[in-house]
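Listed here are the chains, written in short residue letters.
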Amino acid sequence: MLNLQDIAERIDQPHFTGSSDLETLNELAEKYPYSQIFSILYLKGLGNSSDIRFDEELQNHSYRIGDRTQLYQLINAAEN
């Protein structure tokens, strides 16, 4: 389970988001559908872990994200 500090770290450094965070981020995205940050971090985690659900979840969560160009850049960014 992610706490407030963990979420702040994932926002600051999204490349650290991994498969262990996916369940919590998905729950938060469903609980707070108007907060796009949880969907962004969830999709980043799916992309980082090369999860098979990525394409399907991208379709399910993309409507929540206002700037899809930044989403694309974030997901496809190399780890720093």
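Quick note: structure is the one above.
A. Focus on the overall build of the chain. Secondary structure assignment for the chain yields five helices and zero strands. Reading the chain from its N terminus to its C terminus gives the helix and strand order α-α-α-α-α. What you see for the chain is a C-alpha radius of gyration of 11 Å, in line with the 12 Å of a compact globule of 80 residues. Counting the 80 residues in the chain, one finds 38% classified as buried. With the model as given, the accessible surface of the chain reaches about 5300 Å², and the carbon-plus-sulfur share is 48%. Computing the positive centroid from 6 side-chain charges and the negative centroid from 13, the chain places the two 4 Å apart.

B. Seen up close, the packing of aromatic side chains. Applying the stated criterion across every chain yields a total of one aromatic pair. With 6.1 Å between their ring centres and 40 degrees between their planes, Tyr-32 and Phe-38 make a pair best called tilted.

C. Layout of the packing of helix α3 (residues 36–48) against helix α4 (residues 54–61). Relative orientation of the contacting elements α3 and α4 amounts to 170 degrees, with a least axis distance of 10 Å. Comparing their axes, α4 and α3 come out roughly antiparallel. Where α3 crosses over α4, the two elements pack in a sense that is left-handed. For the pair formed by α3 and α4, the contact residues are Ser-39, Tyr-42, Leu-43, Leu-46 and Gly-47 on the first element and Phe-54, Glu-57, Leu-58 and His-61 on the second. When the residues that make up the contact of α3 with α4 are grouped by side-chain class, the tally is five nonpolar, three polar and one charged.

D. Spotlight on the environment of Ser-50. For Ser-50, the position within the fold is in the loop between α3 and α4. Accessibility expressed as a relative area gives 64% for Ser-50, which makes it exposed. Between the C-alpha atom of Ser-50 and that of Ser-19, which follows or precedes it by 31 residues, the distance is 9.1 Å.

Conventions we followed
- Residues numbered from 1 in each chain as written.
- Predicted model: local features only at pLDDT ≥ 70, side-chain atom pairs only at ≥ 80, totals over all residues.
- Heavy atoms only, no water.
- Helix = DSSP H or I, 4+ residues; strand = E, 2+ residues; numbered from the N terminus.
- Rg over C-alpha atoms; globule rule 2.2 N^0.38 Å.
- Buried < 20%, exposed > 50% of the residue type's maximum accessible area, 1.4 Å probe, protein only.
- Areas by Shrake-Rupley, 256 points an atom, 1.4 Å probe, with all protein chains shown as cover.
- Lys, Arg positive; Asp, Glu negative; His and termini not counted.
- Charge placed at Lys NZ, Arg CZ, Asp CG, Glu CD.
- Phe/Tyr/Trp six-rings, centres within 6.5 Å; stacked < 30°, edge-to-face > 60°.
- Axes fitted to C-alpha atoms, helices over the stretch in contact; angles between N-to-C directions.
- Parallel < 35°, antiparallel > 145°, perpendicular 65-115°, else oblique.
- Left-handed = near helix turned anticlockwise from the far one by under 90°.
- Contact = heavy atoms within 4.5 Å.
- Nonpolar A, V, L, I, M, F, W, Y, C, P; charged D, E, K, R; others polar.

Spatial relationships are all this shows, so hold off on functional conclusions.
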